[in-house]
Amino acid sequence: MKKGYIVLIVIIVAILAIFFWFKGTYNGMVKMSEAVSAQWSNVENQYQRRIDLIPNLVNTVKGYASHEEQTLIDVVNARAQATKTQINFDQLDEATLQKLNRTQGELSSALSRLMAISESYPDLKANQNFMELQAQLEGTENRIAVERRKFNESVRNYNADIRQFPKNIIAGMFGFTPKPYFEANEGAAQAPKVEF
């Protein structure tokens, strides 16, 4: 009779150990997925901050460089396109991330052209409002880079975790799929051509 109790206790302990391991593994994956999601929100917040700065910047430049209208239109159009590009984190995949990179890259390019205009207009370059907006924009660009790096770190940790055996079995059972990384835009590896 004692052997029966011992066997029963061993079976119960084994079942509980498997249950708690399963529960811990699943909950760990949920926490890591949420960390990636939170970091994604931080990236989006910085993109939104940049988008919010653009109207003030365009209006400031407009007062000094009205005949640079095409550049201003390009910035406004790039901003509109970037604003339209909304990505749901649950549907984040390589294609949607590339689309976001493309629209944000176009916005960055248009903003670079806008900033270059200031070199031709000393009064604009000396304008306190323009200088403050330029500093905020530069700070935002740095924040975007930091948040993207943190996002990639979160994705790396999450992807590595869900691919490890036997966690990959649980990940497959519950739909935990790898998330894509931010990658440099095309041509970013090449140094810009500078001519004097």
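Structure: see above.
So, here is what we can say about the structure in this document. Because the structure is a prediction, the values reported are computed rather than measured.

### With respect to helix α3 (residues 94–117)
Thought 1: Between its first and last C-alpha atoms α3 spans 35 Å; for 24 residues at 1.5 Å apiece the expected length is 34 Å, and the two agree.
Thought 2: What α3 keeps buried is the set Leu 97, Leu 100, Asn 101, Thr 103, Gln 104, Gly 105, Leu 107, Ala 110, Leu 111, Leu 114, Met 115 and Ile 117.
Thought 3: Tucked inside the fold, the buried residues of α3 contact α1 (2–64), α2 (69–84), α4 (122–126) and α5 (128–163).

### Quick look at the nonpolar core
Thought 1: Core analysis: the largest hydrophobic core is formed by 22 residues, its most contacted members being Leu 57, Val 61, Val 75, Leu 107, Leu 111, Leu 114 and Ile 117.
Thought 2: If you list the elements that add at least two residues to this core, you get α1, α2, α3 and α5.
Thought 3: What Leu 107 contacts, discounting residues up to four positions off in sequence, is Arg 50, Ile 51, Ile 54, Val 75, Ala 78, Arg 79 and Ala 82.
Thought 4: One finds Leu 97, Ile 170, Ala 171 and Phe 176 within the second-largest nonpolar core, a separate group that totals 19 residues.

### Thoughts on the side chain of Thr 103
Thought 1: Examined against the element boundaries, Thr 103 turns out to sit in helix α3.
Thought 2: Polar side-chain contacts of Thr 103 include one of 3.0 Å to the backbone oxygen of Leu 100.
Thought 3: Contact partners of Thr 103, with chain neighbours within four places excluded, come to Gln 81, Ala 82 and Thr 85.

### A short note on the environment of Ser 108
Thought 1: You can see Ser 108 is positioned in helix α3.
Thought 2: On the basis of relative accessible area, Ser 108 is assigned to the partly exposed category, the value being 24%.
Thought 3: As a C-alpha pair, Ser 108 and Val 75 span 33 residues in sequence and 8.9 Å in three-dimensional space.
Thought 4: Among residues more than four places away in sequence, those in contact with Ser 108 are Arg 50 and Glu 141.

### Quick notes on the packing of α1 against α2
Thought 1: The contact between α1 and α2 brings their axes to 11 Å, and the two run at 170°. The angle between the axes of α1 and α2 places the two elements in the roughly antiparallel class. Here α1 runs over α2; the crossing is left-handed. Mapping the contact onto sequence places Ile 51, Asp 52, Ile 54, Pro 55, Val 58, Val 61 and Lys 62 in α1 and Leu 72, Val 75, Val 76, Arg 79, Ala 82 and Thr 83 in α2.
Thought 2: Taken together, the residues of the contact of α1 with α2 break down into 9 nonpolar, 1 polar and 3 charged.

Procedures and definitions
Residues numbered from 1 in each chain as written. Predicted model: local features only at pLDDT ≥ 70, side-chain atom pairs only at ≥ 80, totals over all residues. Heavy atoms only, no water. Helix = DSSP H or I, 4+ residues; strand = E, 2+ residues; numbered from the N terminus. Expected span 1.5 Å × (residues − 1). Buried < 20%, exposed > 50% of the residue type's maximum accessible area, 1.4 Å probe, protein only. Contact = heavy atoms within 4.5 Å. Core = buried A, V, L, I, M, F, W, Y, C linked by side-chain atoms within 4.5 Å. Polar contact = N/O pair within 3.5 Å; in protein donor to acceptor, adjacent residues only side chain to side chain. Axes fitted to C-alpha atoms, helices over the stretch in contact; angles between N-to-C directions. Parallel < 35°, antiparallel > 145°, perpendicular 65-115°, else oblique. Left-handed = near helix turned anticlockwise from the far one by under 90°. Nonpolar A, V, L, I, M, F, W, Y, C, P; charged D, E, K, R; others polar.

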